[in-house]
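# Survey of secondary and tertiary structure
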Amino acid sequence: MKHSLRLRVLMASGLILLISVGLIVFSVMKSFEKVQFDLIKKELAVGTNVLLTAASIVDQQLVMPHLMPDERFNQVESEVLGLVLDRKGAVLWRSHSSLDEILYYSVQFNEKAMDFSRYSGPEGSYFLYDVDVLLDGVPLTFLTMIPATEYEEMFVAFRSNLLIYLSLTALLMMIVLWYGMHWSLIPVRKLADNLQRIESGHTSRLEGVYSRELVALTDALNQLLNNERQQRERYRDAMADLAHSLKTPLAVLQSVQHSQTMQKNTGYEEVGLIIKEQVHRMNQIISYQLQRAVTRQRGLVKHQADVAVTVGRISRTLDKVYYDKQVELSTDIEVGIQFSAEEQDVMEVLGNLLENAYRLCLQQVRVCSQTVSMDGKCWVLCQVEDDGAGVPENRREDILKRGVRADSRTKGQGIGLAVAMDIIDSYDGTLTIGDSELGGASFRLMLPI
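Residues numbered from 1 in each chain as written. Predicted model: local features only at pLDDT ≥ 70, side-chain atom pairs only at ≥ 80, totals over all residues. Heavy atoms only, no water.

### A closer look at the side chain of Asn74
Topologically, Asn74 is positioned in helix H2 (residues 71–74). Asn74 sits in the buried class, given a relative accessible area of 13%. Looking at Asn74, its side chain comes within polar contact range of the main-chain nitrogen of Met68, at 2.9 Å. (Helix = DSSP H or I, 4+ residues; strand = E, 2+ residues; numbered from the N terminus. Buried < 20%, exposed > 50% of the residue type's maximum accessible area, 1.4 Å probe, protein only. Polar contact = N/O pair within 3.5 Å; in protein donor to acceptor, adjacent residues only side chain to side chain.)

Okay, structure coming up:
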C-alpha cells in the first residue's frame, strides 16, 4: 500500500465513507426516533384529553360514558388503550380496547406533571401518557397507552433499509471515486510516461499540456533537464573556453619575451611585473573558467563592475600585445557607470570585444558607455567600435556562434564571441552588431541595471 498512491486514496476514502455512513445512520435513526416519539406522544395526549373531557364525578365516584367520543377506545381490536386509576393504582375504568390487557403500573400521583414514557413489563412493552388530576376533589390518574411492538418493527425495518441503501450508495461512491481518481491521475501517468521516454532517450524534455497543479512541477523538471544538458555542454566547452581565455595572457608573455623593441625600452623590473601580472591573470582565468564549467547562472547577490576601470585594465594588456600596431583607443564612458554583473564576467565579455577590435582594426578603437531607458527598464549600454573591415550583414548572427570567425585570415578559434554571448544571456542582456562611424564594426552590449 505504501507504494501506491491510488490504493492509499481508496483506503482513506473508504475509511471516511465508513465513518460517514455510521454517523449518518446514527443521526437519521435518532431523528426518526424523536419524530416517532413526538407523534406517539401527541396521539396519546389527544386520547387523554378525550378521557378527561368525558369523565365526571358523582357522589365522589367516577362516571364514564358507555361509548367514548373517540372510537379507538370503543373498538376491542384498537391499539389505543385507555384507563383511569385511583391514587392506589386500582383500575376504576378501562376502555373496551383494553379489556384483554393486564397492566402492572405503579401510580405516583403528581397533579402538576404529565408523564410520557416507555413501559416494559411482563405483559409487554408500551408507550404511556400519564396525567394526574383532582377531579372535584377526587385524585385520578388518566392513562393512555399504545403497544410498542409496531413501532419496534417499523424501527428495525427502517434501520435495515437505511443501512442497505447507504451501503449501496457508499459502494457506488467508491466506484465513482475510483473512476474519478483514475481520470484525475491521467496527467500523473502522462508525466511518468514522459519521464520514461526521457530516460530511454526518445526525447529530451517533458512535452504536452499538463494540469495547472502540475505546471510548476513540469516547468521545474524541464528547467532541471535543461540545466543538466547545459551542464554537459559546459563541461565539453570548458577546455576550449579556457584555452581561448588564456590566449591573450600567453600572447603578452610571448610579446615580452620576443619583442626586441620592448626589451630595449623596458627594464627587467617592468618585464618581471608584466610577467607577474599575466601569470596572476592566467590563474584568475583558470579559476573563473572552472567555475563557469559548473554553473553560469547568476546568484542572489548583486555584483557591480566599474566599466571605466575594467576597460582600462583590458586596454593596458592589449596595448602590450599589439604594441607594434600602435592602436589609438578613445573612450567616452559615463562617470561612475557600472555593470550589474560579476567583475570576472565583465572582464571576459569586454576582453573578447576589445581583443577583436584591437586585432581587426586598422588603427582606431573607440569605447562608449552610458545608461539608457528602454521598455520601462534601465540598461547600461557599452559600444565597442573599430575602423577595420567591419562585419558583413549576412554574417553578423553567424559569428556569435561557437567556432565561427569573422575573418579566417587572422588567428583564432572562433569561440570568443560565443563565450561572451553565453555570459550576456545569463544576465538577460543583448549583443548586437552594426556599422561604426569609424568605418568598421560596432558591437552594442546592453545589460540591465
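### A word on the pairing of strand E13 (residues 430–435)
Where E13 lies against strand E14 (residues 441–448), six bridges are found, and the strand directions are antiparallel. Residue pairing across strands places Thr430 opposite Met446, the latter belonging to E14. Where E13 hands over to E14, the hairpin turn is made up of five residues, of which Gly439 adopts a positive phi near 110°. (Pairing = 2+ DSSP bridges.)

### Things to note about the sheet that holds strand E6 (residues 124–135)
Read across the sheet, five strands follow the order E4-E3-E7-E6-E5 without closing on themselves; strand pairing throughout is antiparallel. Strands with a single pairing partner mark the edges of an open sheet, and in this sheet they are strand E4 (91–94) and strand E5 (114–121). Averaged over all pairs of adjacent strands, the angle between their axes in this sheet comes to 25°, without regard to strand direction. Pairing between strand E3 (residues 81–85) and strand E7 (residues 138–147): five bridges, direction antiparallel. (Axes fitted to C-alpha atoms, helices over the stretch in contact; angles between N-to-C directions.)

### Details of helix H8 (residues 307–321)
Relative to the 21 Å expected for 15 residues at 1.5 Å per residue, H8 spans 21 Å between its end C-alpha atoms, a close match to the ideal helical length. All of the buried residues along H8 are Val307, Thr310, Val311, Gly312, Ile314, Ser315, Thr317 and Leu318. Capping the start of H8 is the job of one residue whose side-chain oxygen sits 3.0 Å from the backbone nitrogen of Ala308: Asp306. (Expected span 1.5 Å × (residues − 1).)

### Comments concerning the packing of helix H9 (residues 343–360) against helix H10 (residues 416–426)
Following both chains from N to C, one finds H9 and H10 inclined at 145°, their axes separated by 9 Å at the closest point. In this structure, H9 crosses over H10, and the sense of that crossing is left-handed. Seen from H9, the contacting residues are Asp345, Glu348, Val349, Asn352, Leu353 and Asn356; seen from H10, they are Gly416, Leu417, Val419, Ala420, Ile423 and Ile424. (Left-handed = near helix turned anticlockwise from the far one by under 90°. Contact = heavy atoms within 4.5 Å.)

### So, the packing of aromatic side chains
Scanning the model with the defined rule gives nine aromatic pairs in all. Pairing Phe37 with Phe127 gives two aromatic rings, centres 5.3 Å apart and planes at 65°, and the pair type is edge-to-face. Residue Phe37 is located in helix H1 (residues 5–54), and its partner Phe127 is located in strand E6; the two are separated by 90 residues in the primary sequence. Taking the centre distance of 6.2 Å and the plane angle of 5° together, the rings of Phe116 and Phe127 count as stacked. Of this pair, Phe116 sits in strand E5 while Phe127 sits in strand E6; the two residues are eleven residues apart in sequence, bridging distant segments of the chain. Classification of Phe127 as buried rests on a relative accessible area of 1%. (Phe/Tyr/Trp six-rings, centres within 6.5 Å; stacked < 30°, edge-to-face > 60°.)

### What about the nonpolar core?
Ranked by size, the top nonpolar core spans 41 residues in total, and within it Phe339, Leu350, Leu353, Leu354, Leu431, Phe443 and Leu445 carry the most contacts. Elements represented by at least two residues in this core include exactly H8, H9, strand E11 (364–374), strand E12 (377–386), H10, E13 and E14. Other than its neighbours up to four places away in sequence, Phe443 contacts Leu353, Cys382, Gln383, Val384, Val391, Ile399, Leu417, Leu431, Thr432 and Ile433. Residues Met68, Phe73, Tyr129 and Val138 belong to the second largest nonpolar core, which totals 33 residues. (Core = buried A, V, L, I, M, F, W, Y, C linked by side-chain atoms within 4.5 Å.)

### Observations concerning the sheet that holds E11
Taken in spatial order, the five strands make up an open sheet running E9-E11-E12-E14-E13, and their pairing is mixed. Strands at the two margins of the open sheet, each flanked by one partner only, are strand E9 (328–333) and E13. This sheet shows a mean twist of 20° between the axes of neighbouring strands, independent of strand direction. Strand direction decides the pairing type here: E11 and E12, joined by ten bridges, are antiparallel. Pairing of Val367 across the sheet is with Val384, part of E12.

### Notes on the confidence of the model for the chain
Regions with low pLDDT should not have their predicted coordinates read in detail. When pLDDT is averaged along the chain, the result is 81, and 81% of the positions lie at 70 or above. Between residues 297–301, whose pLDDT stays under 50, and residues either more than four places distant or in other chains, the model counts five contacts. Confidence drops under a pLDDT of 50 for residues 408–413, and excluding neighbours within four residues, the segment shows eleven contacts in the predicted structure. (pLDDT = per-residue confidence, 0-100.)

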